Amino acid sequence: MYVCLCHGLTERDVRGAIDQGCRSVASVYRHLADKPQCGKCVGDVRCMIRAACNGSHAVPLGAVAQAEA
């Protein structure tokens, strides 16, 4: 599933960066040689990082939007 439509980054891309030790949104984007463009993906990337730090990769994309609703 796509996480960042602006750059075509997938959930697999972001998880790979996190698995390589990225622990912030900025470090994920540096690892992927990009930077956020519109910013809509930042919340989902942040949730994915938090889940990985807590030992779980089971965070559905769009979790930020659902939590805000």
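Notes on the structure in this doc start here. (Residues numbered from 1 in each chain as written. Predicted model: local features only at pLDDT ≥ 70, side-chain atom pairs only at ≥ 80, totals over all residues. Heavy atoms only, no water.)

A closer look at the pattern of salt bridges
Phase 1 of the analysis: Summed over the entire model, instances satisfying the criterion amount to one salt bridge.
Phase 2 of the analysis: Between Glu-11 and Arg-15 there is a salt bridge, with the nearest N and O atoms lying 2.3 Å from each other. Of the two residues, Glu-11 and Arg-15 both sit in helix α1 (residues 11–19), four residues apart, roughly one turn of that helix.
Phase 3 of the analysis: According to the relative accessible area criterion, Arg-15 is buried, its value standing at 16%. (Salt bridge = Lys/Arg side-chain N within 4 Å of Asp/Glu carboxyl O. Helix = DSSP H or I, 4+ residues; strand = E, 2+ residues; numbered from the N terminus. Buried < 20%, exposed > 50% of the residue type's maximum accessible area, 1.4 Å probe, protein only.)

Regarding the nonpolar core
Note that soluble globular proteins tend to have their nonpolar side chains buried in a common cluster.
Phase 1 of the analysis: Within the largest apolar cluster, 16 residues are counted, with the highest numbers of intra-cluster contacts made by Val-14, Ile-18, Val-28, Tyr-29 and Val-45.
Phase 2 of the analysis: For this core, the secondary-structure elements that each account for two or more residues are β1 (2–4), α1, α2 (25–31) and α3 (42–53).
Phase 3 of the analysis: No other element matches α3, which puts five residues into this core.
Phase 4 of the analysis: Excluding residues that lie within four positions of it along the chain, Ile-18 makes contacts with Arg-23, Val-28, Met-48, Ile-49 and Ala-52. (Core = buried A, V, L, I, M, F, W, Y, C linked by side-chain atoms within 4.5 Å. Contact = heavy atoms within 4.5 Å.)

A word on α3
Phase 1 of the analysis: Over its 12 residues, α3 runs 17 Å from end to end, which matches the ideal 16 Å to within 8%, given 1.5 Å per residue.
Phase 2 of the analysis: Taken residue by residue, α3 has Val-42, Gly-43, Asp-44, Val-45, Cys-47, Met-48, Ile-49, Ala-51 and Ala-52 as its buried positions.
Phase 3 of the analysis: At the exit of α3 stands Gly-55, carrying a positive phi of roughly 85°. (Expected span 1.5 Å × (residues − 1).)

Digging into the packing of α1 against α3
The angle between the axes and the distance between the axes are what describe a pair of packed helices.
Phase 1 of the analysis: Orientation of α1 relative to α3, taken along the N-to-C sense of each, is 45°, at an axis distance of 10 Å. The angle between the axes of α1 and α3 places the two elements in the oblique class. As α1 runs across α3, the sense of the crossing is right-handed. Residue-level inspection shows Glu-11, Val-14, Arg-15 and Ile-18 of α1 in contact with α3, the latter providing Val-45, Met-48, Ile-49 and Ala-52.
Phase 2 of the analysis: Class assignment of the residues belonging to the contact of α1 with α3 gives a composition of six nonpolar, no polar and two charged. (Axes fitted to C-alpha atoms, helices over the stretch in contact; angles between N-to-C directions. Parallel < 35°, antiparallel > 145°, perpendicular 65-115°, else oblique. Left-handed = near helix turned anticlockwise from the far one by under 90°. Nonpolar A, V, L, I, M, F, W, Y, C, P; charged D, E, K, R; others polar.)

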